[in-house]
Amino acid sequence: MADARPFHWEYHPETPRPETFRIEGGRPLRGTVNVSGAKNAALKLLAAAVLTGERCRLENVPEIEDVRVMAEVLRDLGVVVDHPETGVYEIAAGDVDWLFIPLEAAAKMRASFILLGPLLTRFGRVIISNPGGDRIGRRPVNLHVDAMRAMGAEIEYRNGYYYAQAPGRLRGGEIRFPQVTVMGTENAMLAATLADGHTVIRPAAQEPEVDDLAAFLCEMGADVERTYPDTIEVHGTRRLRGATHRVLPDRIETGTFLISAAVTGGTMRLENAACKHVGALVEVFEKVGIPVHCADTTIDIDASGLTPADLRACDIETAPYPGLATDLQSPTCVLLTQASGTSRVHEGVFEDRIEWLGELRKLGARIDIEDTHHAAIHGPSQLRGAEVSISDLRAGASLILAALAAQGPSLIHGAHHVERGYENIDRKFQQLGASIARSADTA
Ligand code: EPU
């Protein structure tokens with residue numbers, strides 16, 4: 001069965017929306033915003049549900065394009081994916097018709113590669129396309145493939161596809177990654193749940209989304225434990241059961257809204273947020289001089305009355321968790337355009353994730369891009385509205401932040417990139433008093 005079939009996978013958004021954001025900046029954002037469930041947890045939780053034939057229920061799932069694409073990829077395999085109400089997905093992977101993830105699906109979303117581990121460990125084989133995703137560096141998948149091979153999988157790469165099979169069950173073992181990898185850790189963990197024996201993953205990524213996935217797997221009956229901060233151990237089991245799980249809050253969306261308040265001189269309360277997951281960003285706020293108050297599930301920020309003269313430059317470096325998330329590099333750079341002095345930026349995770357700063361310069365930011373990993377931001381700059389283009393998800397959200405802070409109108413093309421990972425971003429900003437609308441892709 002697991003052979004490439006004559007097949008053309010297509011995905012069309014149910015209601016395509018106009019591709020351009022029109023923003024009239026310069027208004028302080030005020031009010032309360034609800035943080036959605038985390039994209040980078042929800043996608044893996046959906047994939048984890050194929051480890052059992054029983055029904056799983058996921059709550060607080062963000063209504064974003066990447067989730068819709070993942071649901072479609074699963075449905076195409078023959079998995080039942082129901083969406084009974086907003087934020088709720090129910091998955092039943094009793095019968096799986098195909099063990100094939102086509103290029104069209106993989107090119108839409110890199111996270112499709114997370115299906116390698118669960119399909120291989122449960123069904124013993126899968127053909128999966130080399131993934132696409134954001135253009136932020138080379139982003140290979142060699143570490144995922146090496147981890148599966150370390151567990152006894154035989155994997156060949158031909159014509160853009162990985163042909164993977166596991167004679168018998170996968171075998172638990174020692175998986176030593178040469179560097180920290182989030183999805184590599186998750187793929188190994190998912191595969192190990194149904195493998196024969198004991199698996200040790202080191203260094204295991206420490207991102208909260210990895211622990212959310214581990215919690216779901218335990219609810220499904222798996223034996224997964226973080227035994228040291230950088231070590232995850234899994235004792236394989238024969239069968240997993242259905243479970244219900246609530247997705248944790250999105251810490252990148254949290255950071256994006258906090259920064260939107262900061263750069264517009266606003267005041268905001270974030271609800272259903274997890275402050276403990278944005279510790280590195282809160283430290284940046286402290287250094288820059290913007291007060292942030294954390295409670296159990298809310299975060300308050302008050303930047304009203306602050307002028308750029310009150311904000312201090314701050315050097316940042318992105319790193320695996322608990323360091324400052326690479327996904328928060330771009331919004332944080334917008335913040336630093338408003339601080340007095342020179343801030344040095346070191347993108348420590350992905351190459352080429354600095355490039356988007358060229359677009360930010362079009363709004364009047366003074367930035368030297370030094371190489372693929374380093375930049376210097378000279379602040380403060382009075383940003384001015386401009387016409388810019390989005391190249392990837394986080395850069396897109398950050399251009400919106402810059403346009404909200406800028407004087408005058410902006411046109412930001414490429415809204416679909418942002419829709420991949422932010423739930424109703426334009427509506428959420430409107431509710432906070434922003435002038436932001438979607439329009440067709442013309443000036
Ligand atoms: N890497 C390899 N080989 C591999 C895997 C990774 O060389 O097989 C390298 C990468 O090129 C990178 C580093 O390892 O330099 C770390 O990449 P990692 O594997 O940790 O990234 P990822 O798992 O592919 C996830 C998130 C990204 C987020 C990164 C880092 C998902 C679906 N994606 O990617 O999120 O930036 O971790 O935190 O979980 C986003 O949401 O916008 C996004 C890009």
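Scroll up to find the structure.
Residue indices follow the written sequence of each chain, beginning from 1 at its first position. With the structure being a predicted model, the display of local features is reserved for residues of pLDDT at least 70 and the display and counting of side-chain atom pairs for 80 or more, all residues being used for whole-chain, interface and lining totals. Computation of side-chain values covers all heavy atoms of the structure but excludes hydrogens and water.

Undergrad: Help me get a handle on helix H12 (residues 393-405), residues and values and all.
TA: Over its 13 residues, H12 extends 19 Å from the first C-alpha to the last, a length consistent with the 18 Å expected when each residue adds 1.5 Å. Each residue is assigned to one of three classes by its accessible area relative to the maximum for its type, calculated with a 1.4 Å probe on protein chains only: buried under 20%, partly exposed between the two thresholds, exposed over 50%. Strands are runs of DSSP state E lasting at least two residues, helices are runs of H or I lasting at least four, and both sets are numbered from the N terminus onward. Counting buried positions along H12 yields 13 of 13 residues, so the element is predominantly enclosed. The span expected for a helix works out to 1.5 Å for each residue beyond the first.

Undergrad: Kindly report on the state of the cysteines, identifying the contributing residues and their values.
TA: Only a pair of cysteine sulfur atoms within 2.5 Å counts as a disulfide in this structure description. Per the counting criterion, the structure on display carries one disulfide. Between Cys 275 and Cys 294 runs a disulfide, and the two sulfur atoms are separated by 1.7 Å. You can see Cys 275 sitting in the loop between strand E15 (267-271) and helix H9 (279-288) and its partner Cys 294 sitting in strand E16 (residues 292-294), a full 19 residues away along the chain. Under the relative-accessibility criterion, Cys 275 is labelled buried at 10%. Residue classification places Cys 294 among the partly exposed residues on the basis of a relative accessible area of 42%. The cysteine Cys 56 is free of any disulfide, with Cys 218 supplying the nearest cysteine sulfur at 14 Å.

Undergrad: So what's going on with unusual backbone geometry? Which residues, and what values?
TA: Omega for the peptide link from Tyr 321 to Pro 322 comes to 10°, which places this bond in the cis form. Relative to the helices and strands, Pro 322 resides in the loop between strand E18 (316-317) and helix H10 (329-336). Residue Pro 380 is bonded to the preceding Gly 379 through a cis peptide linkage, with omega at 0°. Within the secondary structure, Pro 380 is located in the loop between strand E21 (374-379) and strand E22 (387-389).

Undergrad: So what's going on with the packing of helix H8 (residues 251-264) against H10? Which residues, and what values?
TA: Working convention: axes come from line fits to C-alpha atoms, limited for helices to the stretch in contact. Angles between N-to-C directions cover 0 to 180 degrees. Put simply, H8 and H10 touch, their axes get as near as 9 Å, and they point 10° apart. Judged by the inter-axis angle, H8 sits roughly parallel to H10. Residues Thr 256, Ile 259, Ala 262 and Val 263 of H8 lie in contact with H10, whose contacting residues are Pro 331, Thr 332, Val 334 and Leu 335. Each residue gets one label: Ala, Val, Leu, Ile, Met, Phe, Trp, Tyr, Cys and Pro are nonpolar, Asp, Glu, Lys and Arg are charged, and the others, such as Gly, are polar. For the contact of H8 with H10, a count of residues per class yields six nonpolar, two polar and no charged. Oblique is the label for every angle not falling under 35 degrees (roughly parallel), over 145 degrees (roughly antiparallel), or within 65 to 115 degrees (roughly perpendicular). In what follows, residue pairs with any heavy atoms lying within 4.5 Å of each other are defined as contacts.

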